[in-house]
Protein chains: 2
Amino acid sequence: MIEHPENSEEYKGLTVNSGVEQQSIVNPYLQRGRFARRQLTAAEMVEGILKGDITILSQAVTLVESINPDHFAKAQEVIEKCLPYSGNSVRIGISGVPGAGKSTSIDAFGMHLLEEKGGKLAVLAIDPSSERSKGSILGDKTRMEKLSVHPKSFIRPSPTAGSLGGVARKTRESIILCEAAGFDKIFVETVGVGQSETACHSMVDFFLLIQLAGTGDELQGIKRGIMEISDGIVINKCDGENVDKCQLAARNFRNALHFFPKSDSGWMPKVLCYSGFYGLGIKEVWDMVYEYIDFVKENGYFAFRRNEQSKYWMYETINETLRSSFYNNPEIRTALTEEGKSVLAGEKTSFKAAGELLNNYFNTLKA
Amino acid sequence: MIEHPENSEEYKGLTVNSGVEQQSIVNPYLQRGRFARRQLTAAEMVEGILKGDITILSQAVTLVESINPDHFAKAQEVIEKCLPYSGNSVRIGISGVPGAGKSTSIDAFGMHLLEEKGGKLAVLAIDPSSERSKGSILGDKTRMEKLSVHPKSFIRPSPTAGSLGGVARKTRESIILCEAAGFDKIFVETVGVGQSETACHSMVDFFLLIQLAGTGDELQGIKRGIMEISDGIVINKCDGENVDKCQLAARNFRNALHFFPKSDSGWMPKVLCYSGFYGLGIKEVWDMVYEYIDFVKENGYFAFRRNEQSKYWMYETINETLRSSFYNNPEIRTALTEEGKSVLAGEKTSFKAAGELLNNYFNTLKA
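Bear in mind that the values here come from a model prediction, so they are computed numbers and not experimental data. Residue positions are given per chain, counted from 1 along the sequence in the order it is written. Starting at A for chains and at 1 for ligands, labels are handed out in the order in which the entities are written. Per-residue local features are limited, in this predicted model, to residues with pLDDT of at least 70; the limit for side-chain atom pairs, both in listing and counting, is 80 or more; totals at the level of whole chains, interfaces and linings are taken over all residues.

## Quick look at the overall build of chain A
Going along the chain from the N terminus, every DSSP run of H or I of four or more residues is numbered as a helix, and every run of E of two or more is numbered as a strand. Scanning chain A from terminus to terminus reveals 12 helices and 7 strands. Exposure classification rests on a simple neighbour count of other C-beta atoms within 10 Å of a residue's own: a residue reaching 20 or more is buried, one at 12 or fewer is exposed, and one in between is partly exposed. C-beta atoms are placed from the backbone. Scored against the burial criterion, the 367 residues of chain A give a buried share of 45%. In this description, any two residues whose backbone-derived C-beta atoms lie within 7 Å of each other are considered to be in contact. In chain A, 73% of the contacts between residues at least 6 apart in sequence involve partners at least 24 apart.

## Topic: the interface of chain A and chain B
Contact with chain A, which involves 49 residues of that partner, is made by 49 residues of chain B. Contributions of two or more residues to the side of chain A that touches chain B are made by α3 (69-82), α5 (164-180), α7 (226-229), α8 (243-257), α10 (301-327), α11 (330-344) and α12 (350-366) of chain A. Among the elements that make up the side of chain A that touches chain B, the one with the highest residue count is α10(A) (12 residues). Looking at the side of chain A that touches chain B residue by residue, the class counts come to 22 nonpolar, 15 polar and 12 charged. When residues are sorted by character, Ala, Val, Leu, Ile, Met, Phe, Trp, Tyr, Cys and Pro go into the nonpolar class, Asp, Glu, Lys and Arg into the charged class, and all the rest, Gly among them, into the polar class.

## Overview of the relation of the copies chain A and chain B
For the pair chain A and chain B, the superposition axis carries a translation of 0.0 Å, the fit reaches an RMSD of 0.1 Å, and the rotation angle comes to 180 degrees. Taken together, the turn and the small shift mark the pair as related by a two-fold rotation axis. An overlap of 100% is found between the interface residues of chain A and their copies at the interface of chain B, pointing to a shared contact surface. Here the copies are superposed with least squares, the fitted atoms being C-alpha atoms of residues at a pLDDT of at least 70 in both.

## Considering the sheet that holds strand β6 (residues 232-236) of chain A
Residue and element names in this part refer to chain A. Two strands qualify as a pair provided that DSSP identifies no fewer than 2 bridges between them. Spatially, 7 strands are ordered β3-β2-β4-β1-β5-β6-β7 in an open sheet, and the strand pairing comes out parallel. Either end of the sheet is taken by a strand with one partner, and the two such strands are β3 (153-155) and β7 (270-273). Averaged over all neighbouring strand pairs, the angle between strand axes comes to 20 degrees, with direction disregarded. Of the pairings in the sheet, the one linking strand β1 (residues 90-96) to strand β4 (residues 185-191) comprises 7 bridges and is parallel in character. Its bridge partner being in β4, Val90 is matched across the sheet by Lys185. In this fold α5 packs onto β1, β2 (121-126), β3 and β4, with an angle of close to 170 degrees to the strand it touches most, β2. Note on definitions: angles span 0 to 180 degrees between N-to-C directions of axes, and those axes are lines fitted to C-alpha atoms, for helices only across the stretch in contact.

Below, the structure is given as structure tokens:
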């Protein structure tokens, strides 16, 4: 890992500008709405990012998220140049069903971390169902009252375009940009109701699941497999009359965790109670997260998992592209409907139908 | 579903021949080792299968399992002709780690079912790691003492060749042949330590997990996700001094199950104790299984899941073929190693490496 330029002699004199009162270092035109914006070159963007310029970081993330094919090559160039400066962070996935109090919690968690550990915090999200207009997760920054105006934080809603794979790719690439801009703490928020958890889990070091105390049916709304990928389960709204119920829920979760196979890291997931709204138990949650980070850095799992994740995303991208090349092929789309009917009618085995479709597909590629 | 010919007027006079004392109806040459075997045609095979001829069924399963490409078309023809007569069975997946007592249990379960429900039972297996010579699951029929000599049973070890996908396909096709031969109860055994459970789960109506009472660490050796796909968990060796321990384990499993999301079928998995060796509690296990079958036939989930499974295997076959076409491409194999190194060295993003490999691949297909 190459040392971040902020820490090098060359940059020591510079103040890192960030947050809402940010003044652009590189491109003053950006501050003047009346003038047409000059497009920054990739090199200028990289320079701005490495200096920690939030406005330019934000532009670069927008470029990464763009669905305009002309932007793609430039985005890739920026990412590639930032890559050597990335990696030097702790990445935390935060999940929970709607209503679990994620925004309030992230606000409290983030403020605690910045106060106790210093550094800079970026909050990103993966939510393939999001459209900015519909108030998706993180769509409304004001729900994180304190963090959204903190000079050391950077909050971005989920990229909106397309498939889960596409959204996840963009979030992962944004992590690289944020790290290159000196963000040493990354939150990736996701909503606990679908496959986006697996994608999130595949790009973070620690996966935190926010739960509420319920009525014996604690996991209602939580999809299969999410408990199993959690490194920590935290029960929110543990305040006032709710304390006993939360502590009971925590005990039940702890018992249940014994019935899950041990994770590869050797870490036994912990269950804690807290209150995001009243700021209770926040320190304990983050002491746990950092206990985990120390534990896996010590036993080598931290680096191992980062490598596995890099490989995972390469293979995942390949597999998704192969699938979409097949299923979006116009001839296949028509044939697939017909073959599917034959299979359901019991006229053809699943394997024979698949074989015919594949022959058809490979012939169109040769043509 | 077309009525099985055994039940039609035309076949009423025939005795169904099966089991070890089987006399071949169609092909007397098969009984004489000294003569070269005449190969049955596909039509003759189908005729024999529909008459319930176990020797011919066995030959057909061997054909399905063959890795000789010349056998493939004939196997597909046989399967396709049997397909209209298949489907009329209850398919049960049975899983458990080595040592859980699967063979003894299947022997007891099978005998109970044949005595109480009549009909015919086929026992198949999925074990991609198996090689017949190494005593894989079901490799040694004699471990099912009673069932292996029962005239209404048919026991086949796991197909041995190749990938999980290949093994699973062969098992699924064998189910079709067995059903066409009048087997109305199908067990699919699998060993509870890997992905073969998912494959097994995708071809059965009920997934039964055999467990042992342990020392608070009941799931040792059981892989992630297996509890979640189980429709019933049964604790074996509940006899003698072990009874209290088993009942405690059962209570713990029941509590833990509340922390798993409800299954799509609307069924809440049940936990029971039994002893395969002493034949205790066997009836209760199978009353539960049939309670489930009645429940899902009533609410429509039985048919829905069978349809979903047919589609699943079509898509699964397509996706696996697309992947293997890519990863087994000689140019890609070399390039993949290099790109993988660049990704791990942080020189290239996972997404860029994937993109380059994919361009390379599609170019070789056009060439």
